[in-house]
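Structure at a glance
Now for the letters of each chain:
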Amino acid sequence: MNASRFTPPSAASPTLDEPAMAVTRIEENHWQATQGDTVVGGADVSRRPDGRLFLSVDAWHAAVFDRLAATAAADLGGPVHTVVDETDDELVAAWQRAGFTVGRREGEYVLPTDPAVTGLDPDLLPPGIEILPAGQAQEGPLRALDRVVRDEISATVGWHVMPAEVVPLPDGVTVLDPTRYAVATRAGEYLGFVRVAPVPRRPRIGLVAVRADQRGQGLGRALLAHALGALHRAGSASAWAEVHEANPAALALVERAGARRAGGNLELVRP
């Protein structure tokens, strides 16, 4: 999440002399707000591999935040994005003052791993399907499947609805760590996968993906059941996942597994 923040000035706060405040682009990706000899805020932009620009602002006063956000966004042209916790009303309002509007909503869900709670039997698979546990898939077929999934996303809903972790990577790299993937196969053909990030506090279900021509057979459910079951056996009581709230299939998949919504983010965009 972008580290954008500010503290709205109260009646007791000193009034900033806005004419004396200067915002300067000191590097290609960094802006600095100064008042006299004092640095009072900064802004940074990063370009994600899919080409989207994400802006973050660090300032403790609303006036500084507004100047930094407006100046950086104007310098960059459009569109420019940022990510904000959905409960941070003050920060959302600050970005909206700079011309940003809500582009997408993403929920954060906590999933139990115990099959007795999820109702997902990891041993109950669709006919002819085998799940290769994480680390057992062959890299060549796995990378080919990943490319098919990415091409299908690009041709349909588009990468702008996907979490940052699954955007196309530079230089043709798409699978950074094959050991994180469990794969659904039939007669040796790779049909879908689930990726799990082994975060110590609570593992993260990064992506469940099935080839378009193989959907509707319960493969996504089987992959999620396998991943959660493996985490349960490893001693993790829960996992978490981010779900785009305009994706009813993904929402249904996690909710049927007993997922509990624990928060969410807003992606804001200025055209």
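Right above here is the structure, for reference.
Here's a quick rundown of the structure.

Rules and cut-offs
- Residues numbered from 1 in each chain as written.
- Predicted model: local features only at pLDDT ≥ 70, side-chain atom pairs only at ≥ 80, totals over all residues.
- Heavy atoms only, no water.
- Helix = DSSP H or I, 4+ residues; strand = E, 2+ residues; numbered from the N terminus.
- Contact = heavy atoms within 4.5 Å.
- Areas by Shrake-Rupley, 256 points an atom, 1.4 Å probe, with all protein chains shown as cover.
- Pairing = 2+ DSSP bridges.
- Expected span 1.5 Å × (residues − 1).
- Buried < 20%, exposed > 50% of the residue type's maximum accessible area, 1.4 Å probe, protein only.
- Polar contact = N/O pair within 3.5 Å; in protein donor to acceptor, adjacent residues only side chain to side chain.
- Arc of directions from axis to C-beta.
- Salt bridge = Lys/Arg side-chain N within 4 Å of Asp/Glu carboxyl O.
- Core = buried A, V, L, I, M, F, W, Y, C linked by side-chain atoms within 4.5 Å.
- Phe/Tyr/Trp six-rings, centres within 6.5 Å; stacked < 30°, edge-to-face > 60°.

Let us look at the overall build of the chain. Along its length, the chain carries six helices and 12 strands. In the chain, the proportion of contacts linking residues at least 24 apart, taken out of those at least 6 apart, comes to 71%. If you sum the accessible surface of the chain, you get close to 13,400 Å²; carbon and sulfur atoms cover 52% of it.

Relative to strand E12 (residues 260–270), strand E6 (residues 101–112) runs antiparallel, the two sharing nine bridges. Bridging across to E12, Glu106 finds its partner in Asn265. With seven bridges connecting them, E6 and strand E11 (residues 238–244) associate as antiparallel partners. Looking at E11, one finds that Glu108 is bridged to Glu242.

Apart from glycine, the bulk of residues carry a negative phi angle, and the bulk of peptide bonds sit in the trans form. With an omega of -10°, the peptide bond between Gly78 and Pro79 qualifies as cis. Secondary-structure assignment places Pro79 in the loop between helix H1 (62–76) and strand E5 (80–85). A positive phi is found at Ala187, a non-glycine position, where the angle reads about 55°. Along the chain, Ala187 turns up in the loop between strand E8 (181–186) and strand E9 (189–197).

End to end, H1 covers 21 Å across 15 residues, agreeing with the expected 21 Å (1.5 Å per residue, within 8%). Inspection of H1 places Ala62, Ala63, Val64, Phe65, Leu68, Ala69, Ala72 and Ala73 among the buried residues, and these make up the whole buried set. Downstream of H1 by one or two residues, Gly77 has phi in the positive range, about 75°.

Take the side chain of Thr118 next. Structurally, Thr118 can be placed in helix H3 (residues 115–118). For Thr118, a relative accessible area of 6% puts it in the buried group. A distance of 3.1 Å separates a polar side-chain atom of Thr118 from the backbone nitrogen of Leu120. Discounting residues that sit within four places of it in the chain, Thr118 has contacts with Pro112, Thr113, Leu228, Arg256 and Ala257.

The residue Asn265 is located in strand E12 in this model. Asn265 sits in the buried class, given a relative accessible area of 7%. Separated by 180 residues in the primary sequence, Asn265 and Asp85 place their C-alpha atoms 4.5 Å from one another. A distance of 3.4 Å separates the side chain of Asn265 from the side chain of Glu108, its partner in a polar contact.

With that out of the way, let us pick up helix H2 (residues 89–97). Among the residues of H2, those classed as buried are Leu91, Val92, Ala94 and Trp95. Each buried residue of H2 lies within a common arc of 160° when the element is viewed along its axis, so the set occupies one face. Next to the buried residues of H2 lie strand E4 (53–59), H1, E5 and E12.

Moving on: the pattern of salt bridges. Under the defined criterion, the tally for this structure stands at 14 salt bridges. Counted as one network, the salt bridges with shared partners bring together Arg52, Arg104, Glu106 and Glu267.

To continue, consider the nonpolar core. Among the nonpolar cores identified, the biggest contains 27 residues, and Leu55, Val57, Phe65, Leu68, Trp95 and Phe100 are the most heavily contacted of them. Among the elements that take part in this core, H1 stands out by supplying seven residues, more than any other. Listed in part, the 26 residues of the second largest apolar core include Ala182, Ile205, Leu219 and Ala257.

As judged from the six bridges shared by strand E2 (residues 30–35) and strand E3 (residues 38–47), these two strands associate in the antiparallel manner. The residue bridging Gln35 from the neighbouring strand is Thr38, located in E3. The turn linking E2 back onto E3 is made up of two residues, and Gly36 within it adopts a positive phi angle of 65°. As paired strands, E3 and E4 are joined by seven bridges and run antiparallel to one another. What sits directly across from Gly41, in E4, is Ala59.

With that settled, the discussion passes to the packing of aromatic side chains. The tally for this structure, following the rule as stated, stands at three aromatic pairs. A centroid spacing of 5.1 Å and a plane angle of 80° characterise the contact between Phe65 and Trp95, whose relative ring orientation is edge-to-face. With Phe65 in helix H1 and Trp95 in helix H2, this pair connects stretches of sequence that are 30 residues apart. Comparing Phe65 with Trp95, the two get one shared label, buried. Look at Trp95 and Phe100: their rings are 4.8 Å apart centre to centre, the planes differ by 70°, and that puts the pair in the edge-to-face class. Judged by relative accessible area, Phe100 falls into the buried class, the value being 1%. One aromatic cluster is present, built from ring pairs that chain together Phe65, Trp95 and Phe100.

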